[in-house]
Amino acid sequence: MLYREAGQFKSSYAADGQIFPIRQDRIGIMLLLAIAFVLVPQFATPYLLSAILVPFLIFSLAALGQNILMGYAGQVSLGSAAFMAVGAFSAYNFVLRVPGMPILVAFILGGLCAAMVGIVFGLPSLRVRGFYLAASTLATQFFVVWALTKIRWFTNYSSSGVITAQQIEILGYHFDTPASKYLLVLGVVSVLALAAKNMVRSNVGRCWMAIRDMDVAAEVIGIRQLQTKLLAFAVSSFFCGVAGALYAYAYLGTVEPEAYSLDLSFRILFMVVIGGLGSILGSFLGAGFIVLLPIALNQLAHALHISTAVASNVELMMFGALIIFFLIVEPHGLARLWQIGKEKLRLWPFPH
Amino acid sequence: MNINFFFEVLIGGLLSGVMYALVALGYVLIYKASGVFNFAQGSMLFFGALTCVSLTEFGWPLWVAIIATMVVMWVLALAIERVVLRPLVNQSEISLFMATIGLSFFIEGLAQLMWGAEVKRLDLGIEDVPIESLMNNFNILVSKFDVTSAAICALLVTALALFFSRTSVGRALRAVADDHQAALAVGIPLQQIWGIVWGVAGFVALVAGMLWGARNGVQFSLTFVALKALPVLILGGFTSIPGAIIGGLIIGASEKLAEVYIGPFVGGGIEGWFPYVLALLFLLVRPEGLFGEKIIRRV
């Protein structure tokens, strides 16, 4: 009854092309942003902010990057953690070596470095597809982590190979409380998510989807493979790079290259699959699911008095089983469930 | 450059290449027959080796343990086919691939839950000592263990190749690999064939797991051996048994040579990524690998 677009007429091109065509969606998203920006930092506990919400937002951003590449452009990649590492370590080096470097600019430069690495390792996508591509993106993963470990310059010759992220400071304000870090991350993620949403419904996004659906056919109708595929790799790596920088600066604080291991890449892959391929909302849902699942399982194990060794193995098994379960039951992910719910809501309470 | 040393490294590399080939073979078998890129091969390898070792720790003789593990692997393979793959028939290749990643998490958890996570030693009764005649005559150090395990691998690979080309089951397998529907139409029981393929892949995983486990100890890092086999697949082609063998030899030899001759200049440890970069460069020239089927794309 409440959720219905009847009577909402579009009378201008601007109204026709808006991001959320249904008024209730617009109000909903405004409310959500208002709650996230105003109420949450006021009332949430530091634990909730720094252990759940901040990683959730950062992983959402990384999942967005992965989703752009995999869900929209159809190029399977197993190296997203490597791009995150490039983003984090280049942001660190920019702040370290360029005096007076503003931190946000460093994040963006970190993202751009990741984008460049992404373009280089995206080159094989012009020749190979499918599993061959997936396996060859593993090269990124192993090479980047190796390079960051072995070339001491990147870690500023620290003896343990661990870097400590600098203080986040913007215009003299120090972001050191959980709430302020949360707001910074939320701001960055909101802006980039908006950018992604707009990108995928513009010319660029349509080209990506055409390439994903059938690259030969796309080429025939005049979409240039080289530019489109490499742009997808660049944008995706940019998102991952910024996410990686935030991961180091706003969440972990001290990072070693090993933190961006293949395991993290898989985790991001799962977020995209469980959330829904080719959906911006899905990236957030998937990230939320994967961040919350281990915490929930941990609590459960604690409540049932299971030893940690057993619990961690059970967690691994649950993780695997849930992924298989999702693939079997809902291959289009949580975003699809959300969509079905919305369809139902539109017809409610008269289903005909 | 010392020529003896070069040959020593080369032979060592080729021998470990045979073992890579064996792991890669597990992938190829399943990919050919069911179009699934089975990422869980590494976990199956780990699971098999760990089960076998744990059974011998109960005091079972080695051969009884091996047979028992084979039964376990067979049951595991059938269960995978029934629970994971059958509901996912007709899904895109990539979601099947994800499912096997999920499966690998599950198996790793299960293995450690059942048998514990500590490193176990496996003794196959083969000594890891240099072969004396080679050492005395040519001054080349080649481990007896490496040669024996390479021989076992070679034997297994030959047996499988014969099984595929000479027996009626093998013919059925190749028919399924060519075209599922056509195979069904001529009366080949698809699910039975998949069961056999996964069972054979499980057996290959067990052998590879035992050999690698005896070398490095049975531990979690065994699952990474499977990651080593991926560049072998890219190089050799996903659908080709000879490709897996030749690819394994190339990767094994070049990896060791690169580590010895290039490694010192860049700080070492390049074994981890060198095969991938090699395979990547190779892909730019031949996208379907050495022996893979030519990919024809139609609109």
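Calculation rules
- Residues numbered from 1 in each chain as written.
- Chains lettered and ligands numbered in written order.
- Predicted model: local features only at pLDDT ≥ 70, side-chain atom pairs only at ≥ 80, totals over all residues.
- Helix = DSSP H or I, 4+ residues; strand = E, 2+ residues; numbered from the N terminus.
- Rg over C-alpha atoms; globule rule 2.2 N^0.38 Å.
- Contact = placed C-beta atoms within 7 Å.
- Expected span 1.5 Å × (residues − 1).
- Bend = angle between axes of the 7 residues up to and from the residue.
- Buried ≥ 20, exposed ≤ 12 C-beta atoms within 10 Å, placed from the backbone.
- Axes fitted to C-alpha atoms, helices over the stretch in contact; angles between N-to-C directions.
- Parallel < 35°, antiparallel > 145°, perpendicular 65-115°, else oblique.
- Left-handed = near helix turned anticlockwise from the far one by under 90°.
- Nonpolar A, V, L, I, M, F, W, Y, C, P; charged D, E, K, R; others polar.
- Core = buried A, V, L, I, M, F, W, Y, C linked by C-beta atoms within 7 Å.
- pLDDT = per-residue confidence, 0-100.

Caption draft 1: The arrangement of the overall build of chain A in detail. Secondary structure assignment for chain A yields 14 helices and four strands. Over its C-alpha atoms chain A spans a radius of gyration of 21 Å, differing by no more than 12% from the 20 Å that the globule rule assigns to 352 residues. Considered along the principal axes of its C-alpha atoms, chain A spans approximately 70 × 55 × 45 Å. Counted over contacts in chain A with a minimum sequence separation of 6, partners at least 24 positions apart contribute 76%.

Caption draft 2: Molecular detail of helix H12 (residues 280-303) of chain A. Residue and element names in this part refer to chain A. In this model, H12 (24 residues) spans 35 Å end to end at C-alpha, consistent with the 34 Å of a helix rising 1.5 Å per residue. Along H12, the sharpest change in direction is near 30 degrees and occurs at Leu292; proline Pro294 comes one to four residues later. Inspection of H12 places Ile280, Gly282, Ser283, Phe284, Leu285, Gly286, Ala287, Gly288, Ile290 and Val291 among the buried residues, and these make up the whole buried set. Buried positions along H12 lie against helix H3 (46-72), helix H7 (178-200), helix H11 (262-275) and helix H14 (333-347). His305 occupies a position one or two residues after H12 and carries a positive phi of about 60 degrees.

Caption draft 3: Up close: the packing of H11(A) against H12(A). All names here are of chain A. Interhelical geometry of H11 versus H12 gives an angle of 120 degrees and a closest axis separation of 7 Å. Taken as axis vectors, H11 and H12 run oblique relative to one another. In this structure, the crossing between H11 and H12 has a hand that is right-handed. Here Arg267, Phe270, Met271, Val272, Ile274 and Gly275 of H11 come into contact with H12, specifically with Gly282, Ser283, Leu285, Gly286, Ala287, Phe289 and Ile290. A breakdown of the residues in the contact of H11 with H12 according to their chemical character gives eight nonpolar, four polar and one charged.

Caption draft 4: The arrangement of the interface of chain A and chain B in detail. With 35 residues of chain A in contact, the opposing surface of chain B contributes 40 residues. Elements represented by at least two residues in the side of chain A that touches chain B include exactly helix H6 (131-150), helix H9 (215-220), H11 and helix H13 (308-329) of chain A. Per element, the largest residue contribution to the side of chain A that touches chain B is 13 residues, and it comes from H13(A). A class-by-class count of the residues in the side of chain A that touches chain B yields 29 nonpolar, four polar and two charged.

Caption draft 5: Main features of the nonpolar core. Among the nonpolar cores identified, the biggest contains 204 residues, and Ala85(A), Leu246(A), Ala21(B), Leu22(B), Ala24(B) and Val197(B) are the most heavily contacted of them. When residues of this core are assigned to their parent elements, the largest contribution, 17 residues, is made by helix H9 (residues 190-216) of chain B. With residues up to four places along the chain from it excluded, the contact list for Ala85(A) reads Val144(A), Val145(A), Leu148(A), Gly244(A), Pro257(A) and Tyr260(A).

Caption draft 6: Focus on the packing of helix H4 (residues 80-97) of chain A against helix H10 (residues 225-252) of chain A. All names here are of chain A. Viewed as axis vectors pointing N to C, H4 and H10 meet at an angle of 60 degrees, and their least axial separation amounts to 6 Å. In terms of orientation, H4 and H10 fall into the oblique class. Between H4 and H10 the crossing geometry is right-handed. Counted together, Ser80, Phe83, Met84, Ala85, Val86, Gly87, Ala88, Ala91 and Tyr92 of H4 and Ser237, Cys240, Gly241, Val242, Ala243, Gly244, Ala245, Tyr247 and Ala248 of H10 form the full contact between these two elements. Considered class by class, the residues forming the contact of H4 with H10 number 13 nonpolar, five polar and no charged.

Caption draft 7: Just the confidence of the model for chain B, in detail. Residues and elements named next belong to chain B. Chain-level pLDDT for chain B is 80 on average; 90% of the residues reach the 70-or-more range. Per-element confidence in chain B is highest for helix H3 (residues 62-85), whose mean pLDDT is 87, and lowest for helix H5 (residues 132-138), whose mean pLDDT is 64. Interface confidence in the predicted complex, given as ipTM, is 0.81; pTM for the same model is 0.87.

Caption draft 8: Quick look at helix H4 (residues 93-115) of chain B. Here H4(B) spans 33 Å end to end across 23 residues, near enough to the 33 Å set by a 1.5 Å rise per residue. Of the residues flanking the end of H4(B), it is Gly116(B), one or two places downstream, whose phi is positive at about 90 degrees.

Caption draft 9: How the structure looks around the environment of Val204(A). Residue and element names in this part refer to chain A. Relative to the helices and strands, Val204 resides in helix H8 (residues 203-213). Each C-alpha atom of the pair Val204 and Met30 lies 26 Å from the other, and the pair is 174 residues apart in sequence. With sequence-adjacent residues up to four places away left out, Val204 is seen in contact with Met199 and Leu231.

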